[in-house]
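Breakdown of the fold
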Amino acid sequence: MFKYRILLFLMIGLLSSCISTKQHIADTDITYVRANEDVNVGSKAIDDMISPYRDQMEDEMNIELGEMPVTLKKGKLNSSMGNWFCDALLVMSNKYSDKPVDFALQNYGGLRIPSISKGIVTKRHIFELMPFDNKLVVLEIDGKTVQMMADNMADHGGAPVSLGLSFTIEEDKAIDVMVNGKPIKSNSTYRVGLPDYVANGGDDSWFLKEIPQFDTGVYIREVMIEYLMDLKAAGKPITVDKTKRITS
Amino acid sequence: MSTRRKFIHQSISGSFLMATSSFPLTAFIGDDNITPLTILHTNDVHSRIDPFPMDGSRNQGLGGAERRAQMIKDVRAKEKNVLLFDSGDIFQGTPYFNFFGGEIEMKLMTQMKYDCATMGNHDFDGGIDGFNKQMVHADFPFVVSNYDFRNTILNGKIEKYKIFEVDEIKIGVIGAGIELNSLVPESLYKETQYLDPIANAQKYAALLKNEMDCDYVVCLSHLGYKYNDNKVSDIHLAQNTEDIDLILGGHTHTFMRKADIRRNKKGNEVIVSQAGWAGILLGQINIHFEKNKKNVCLSCKNTLIK
């Protein structure tokens, strides 16, 4: 068992009168104990509490959605998880929107597990990856706003983004911002698929707040499950595109 | 788990001998004057009811409520005075929350006999109404010293501070909540007002220490351990207040090799601790209090090893 232990001798002198009795901190000792297989669980009481809940969702969570060809790892810059997730969001944004969508993005903090292992992907993975009740929305924005989005991502040290958008981070700003391989023009119109959390101003995206949203009405995790079911129905494998979108 | 010492004179005399070669501690104080207190803490458990699935991922097989309950039970069987705290983000992260809205999380914490918790940003994920609904399953209080819930459904239901008396030791507990704007959709936190965490933590810590005669003040914080920019964190909280002894943090999911010790505005030591996330770790803080009529701690004075 891992155990980190420190022994501290603290002198916190709470000065008091000589008459009253005072409690002084004599010493403090801090450890962090790991909840691993060394813990000998002696009672079924807790499991008995959990079981009725677990049983209600177990079958659905174990539904297999496909086979991940590689282990996905979460990261801010061109990570396998970020690329895969956003490329899927772009496909689905195009499925839901009647106008073509140029790129998709996802806030880094919204992906909630550090990795998805190579192999079978279940509904549980998708629920844990994207547990929030965030919906997929599409925004129509001008080039100036694309620049602000890219700057915001650059300022955060990068963010998951789909093919279709590329830029370089230089001194916390985005330069050479391109959409579909062409430099952005400030007055041109672009379409982006993203979580309503970001569209509503989350993660310092205050500049998106007033932009009208095309709301798909579907939670992002449901969108991702649908994406995987679509692939499965079409007999296509899951693919992960390693193309670099952000240079730094 | 290695054997934990039972009495202060055992461990202290050991360190004592390393430092000098003087009198045994018991020459100054008796066992009657030493009171132990154990504080257990978790944070960011994020609905991790079952251990992480065995799927080759980094945390596979770790955590789980059943194990945590056992660990807590084991400490309670061994230690005399135990308090159990959580620093928020109880909710969100596994399908248990999506399906049942936090009910099982609250029931399990009640079963484990948590003494107190603070709220994290994700505890608003089911909306403030969702949290209110699940509070009926929580038989323990919540403290947040810097949220004003006046115009919300939680008005009067969340404490600014809480006092626990254990074996002659009076422990005051306050809570520091993170700024919700831009982090949580307003439609979820509604009219909850975020107030300055440092000013309010100090206000209630001072009240607890100076007017309510608390011997020890603990702040359950969801501000986050520390940041690269100037965002308010547990480090700021420790350094810019005067009456907090221990900060039990959350939000940044920080695994610590050892707790961080900072100096507060008066120059006194403040311990900053955080126990990772998802119930992978249980933090355990063992404190010994020495009771005397002097204005100094005798055992400290005689065992200072630095």
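Everything here concerns the structure above.
Residues numbered from 1 in each chain as written. Chains lettered and ligands numbered in written order. Predicted model: local features only at pLDDT ≥ 70, side-chain atom pairs only at ≥ 80, totals over all residues. Heavy atoms only, no water.

Residues and elements named next belong to chain B. Summarising burial for strand β6 (residues 169–176): seven of the eight residues are buried, a large majority. Pairing geometry for strand β5 (residues 161–166) and β6, over six bridges, is antiparallel. The residue of β6 that forms the bridge with Y161 is I174. One ladder, built from six bridges, connects β6 with strand β8 (residues 216–221); its direction is parallel. Of the residues in β8, the one forming a bridge with G172 is V217. (Buried < 20%, exposed > 50% of the residue type's maximum accessible area, 1.4 Å probe, protein only. Helix = DSSP H or I, 4+ residues; strand = E, 2+ residues; numbered from the N terminus. Pairing = 2+ DSSP bridges.)

This next bit is on the sheet that holds strand β13 (residues 213–219) of chain A. All names here are of chain A. The strand order β5-β12-β8-β13 describes an open sheet built from four strands, whose pairing is mixed. The open sheet has two edge strands with one neighbour each: β5 (103–104) and β13. In this sheet, β13 lies alongside strand β8 (residues 135–142) in antiparallel orientation, the contact comprising four bridges. Bridge assignment links V137 to a residue of β13, and that residue is D215. Packing of helix α4 (residues 143–155) onto the sheet brings it into contact with β5, β8 and β12 (189–195), and relative to β8 it is tilted by some 125 degrees. (Contact = heavy atoms within 4.5 Å. Axes fitted to C-alpha atoms, helices over the stretch in contact; angles between N-to-C directions.)

At the junction of the two partners, chain B supplies 90 residues and chain A supplies 68 residues. Regarding the contact of chain B and chain A, the summed buried area is about 7,000 Å², with carbon and sulfur atoms giving 59% of it. Summed over the shared surface of chain B and chain A, the number is two salt bridges. Between R48 of chain B and E128 of chain A there is a salt bridge, with its nearest N and O atoms 3.2 Å apart. Where chain B meets chain A, there are 29 residue pairs in polar contact (both at pLDDT 80 or more). Mapped by element, the contributors of at least two residues to the side of chain B that touches chain A are α1 (8–19), β1 (34–42), α2 (65–78), α3 (95–100), α4 (103–111), β11 (269–273), β12 (281–292) and α9 (298–301) of chain B. Here the element with the most residues in the side of chain B that touches chain A is β12 of chain B; it accounts for twelve residues. Its residues assigned to classes, the side of chain B that touches chain A comprises 36 nonpolar, 31 polar and 23 charged. (Buried area = accessible area lost by both parts, 1.4 Å probe. Salt bridge = Lys/Arg side-chain N within 4 Å of Asp/Glu carboxyl O. Polar contact = N/O pair within 3.5 Å; in protein donor to acceptor, adjacent residues only side chain to side chain. Nonpolar A, V, L, I, M, F, W, Y, C, P; charged D, E, K, R; others polar.)

Residue and element names in this part refer to chain A. Examined against the element boundaries, K123 turns out to sit in helix α3 (residues 123–129). Overall, the relative accessible area of 12% leaves K123 in the buried class. Of the polar contacts made by the side chain of K123, one reaches the side chain of E60; its length is 3.1 Å. When sequence neighbours within four positions are dropped, the list of residues in contact with K123 reads E60, M61, I63, L65 and I225.

As a further point, take unusual backbone geometry. With the exception of glycine, the majority of residues adopt a negative phi angle, and the majority of peptide bonds are in the trans configuration. Positive phi, close to 50 degrees, is recorded for E171 of chain A, a residue that is not glycine. The class of E171 of chain A is exposed, set by a relative accessible area of 75%. Non-glycine residue H46 of chain B carries a positive phi angle of around 50 degrees. With respect to the helices and strands, H46 of chain B occurs in the loop between β1 and α2.

Further remarks concern the packing of aromatic side chains. Applying the stated criterion to the full structure yields 15 aromatic pairs over all chains. Aromatic side chains F124 of chain B and Y147 of chain B sit 6.1 Å apart centroid to centroid with 70 degrees between the ring planes, which places their arrangement in the edge-to-face category. Taken as a pair, F124 of chain B in the loop between β3 (116–117) and α5 (127–134) and Y147 of chain B in strand β4 (residues 147–148) lie far apart in primary sequence, 23 residues in all. Both residues of the pair, F124 of chain B and Y147 of chain B, count as buried. Judged by centre distance (5.2 Å) and plane angle (40 degrees), the ring pair of F140 of chain B and F142 of chain B falls under tilted. One aromatic cluster is present, formed by F91, F97, Y114, F131, F140 and F142 of chain B through successive ring pairs. Here K74 of chain A stacks its cationic end above the ring of Y108 of chain A, 4.4 Å away from the centre of that ring. The side chain of R48 of chain B reaches across the aromatic face of F52 of chain B, ending 3.9 Å from its centre. (Phe/Tyr/Trp six-rings, centres within 6.5 Å; stacked < 30°, edge-to-face > 60°. Lys NZ or Arg CZ within 6 Å of the ring centre and 35° of its normal.)

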